[in-house]
Amino acid sequence: MKLVRYGSIGQEQPGLIDKAGRVRSLSGKISDIHGPTLDPCTLTRLKAIDPESLPLVPEGVRLGACVGQVSKFVCVGLNYSDHATEAGLQVPAEPALFMKAPSSICGSTDNLILPRGSKKTDWEVELGIVIGRHTRYVTEADALLHVAGYCIVNDVSEREHQIERAGQWMKGKSADTFGPIGPWLVTADEVPDPQSLGLLLHVNGRLYQSGSTANMVFGVAFLVSYISQFMSLLPGDVIATGTPSGVGFGQKPPIFLKAGDHVCAAIDHLGTQNQRVVSYN
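Residues numbered from 1 in each chain as written. Predicted model: local features only at pLDDT ≥ 70, side-chain atom pairs only at ≥ 80, totals over all residues. Heavy atoms only, no water.

## With respect to the pairing of strand β9 (residues 125-131)
Thought 1: For β9, the buried fraction is high: seven of the seven residues fall into the buried class.
Thought 2: Of the two faces of β9, the one holding Val125, Leu127, Ile129 and Ile131 and the one holding Glu126, Gly128 and Val130 are both buried throughout.
Thought 3: Here β9 pairs with strand β10 (residues 147-154) via seven bridges, running antiparallel. Bridge pairing links Val125 to Asn154 in β10. (Buried < 20%, exposed > 50% of the residue type's maximum accessible area, 1.4 Å probe, protein only. Helix = DSSP H or I, 4+ residues; strand = E, 2+ residues; numbered from the N terminus. Pairing = 2+ DSSP bridges.)

Below, the structure written as structure tokens:
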């Protein structure tokens with residue numbers, strides 16, 4: 001299934017995408033696409049519903065973040081060796097973890113808002129993992145059983161705040177709209193091999209990032225297991241798994257986003273994000 005949340009900001013309703021690419025309403029079936037509705041039993045029940053029996057949603061409706069009420073937004077740094085090289089850093093011996101504030105989450109077509117005074121806002125297309133059941137000390141062999149599905153994440157980053165302002169990376173990762181997720185949450189049964197997905201990111205029509213999850217240093221199952229050794233992962237939590245090379249600060253000379261730019265991020269089978277960059281008012 002391709003699950004979505006549609007409607008105005010703060011008023012999103014649950015839905016799914018039918019075979020014709022139309023949004024169908026799941027209102028009355030579930031309350032939201034969030035932790036309590038991402039357990040395997042609920043997803044199995046939803047899969048049994050004939051999409052043609054569900055009400056059509058008007059075309060052009062806004063798609064919000066594909067998961068609501070996210071409690072944790074966990075990120076993995078330097079998880080592609082080519083990105084570590086362009087950053088001038090070594091590939092870590094263990095996953096480098098940091099957090100984004102859940103308040104950074106937005107929809108896949110919402111405006112990307114530059115922070116006040118920002119000079120170095122950058123892009124990072126990433127595979128997102130959405131957790132489907134309480135996960136603590138899970139083995140790598142069982143880890144994928146705890147995954148509800150996958151989505152696109154753009155780990156938008158203000159490099160001056162991240163690198164030059166001291167402290168942890170999260171201060172450069174957590175501005176409002178710095179965490180677009182979606183457009184869809186694609187359930188795990190439709191992504192049999194999360195390590196064979198192509199990733200692309202264009203800015204103003206120019207291709208900057210082109211990679212594959214096959215080149216992750218640490219794969220999806222390992223990451224879910226590894227992170228669960230340090231914290232409980234709850235249903236609806238999101239893990240951003242790292243980005244391939246091609247980010248703005250890795251260009252020569254570096255290139256950063258400015259108002260009026262258009263960012264398009266895509267991952268095989270998971271859809272496309274399209275965002276316009278605007279200044280903070």
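## Some details on the nonpolar core
Thought 1: If you look at the biggest cluster of nonpolar residues, it comprises 47 residues, and the most contacted ones within it are Val224, Ile239 and Leu270.
Thought 2: Counting only elements with at least two residues in this core, the list comes to β1 (2-6), β4 (73-77), β7 (112-114), β9, β10, β14 (198-203), α4 (220-227) and β17 (262-267).
Thought 3: Within the second largest apolar cluster, 27 residues are counted, among which are Leu38, Ile105, Val130 and Leu185. (Core = buried A, V, L, I, M, F, W, Y, C linked by side-chain atoms within 4.5 Å.)

## Notes on the environment of Ile181
Thought 1: Summarising the element assignment, Ile181 is placed in the loop between β12 (179-180) and β13 (185-187).
Thought 2: Judged by relative accessible area, Ile181 falls into the buried class, the value being 0%.
Thought 3: Between the C-alpha atoms of Ile181 and Leu197, which are 16 residues apart in sequence, the distance is 17 Å.

## Digging into helix α1 (residues 40-47)
Thought 1: Taken residue by residue, α1 has Thr42, Leu43 and Leu46 as its buried positions. Projected down its long axis, α1 shows its buried positions confined to an angular sector of 100°, all on one face. Exposed residues on α1 whose side chains face more than 90 degrees from its buried face are Cys41, Thr44 and Lys47.
Thought 2: The inward-facing, buried residues of α1 abut β1, β10 and β13. (Arc of directions from axis to C-beta. Contact = heavy atoms within 4.5 Å.)

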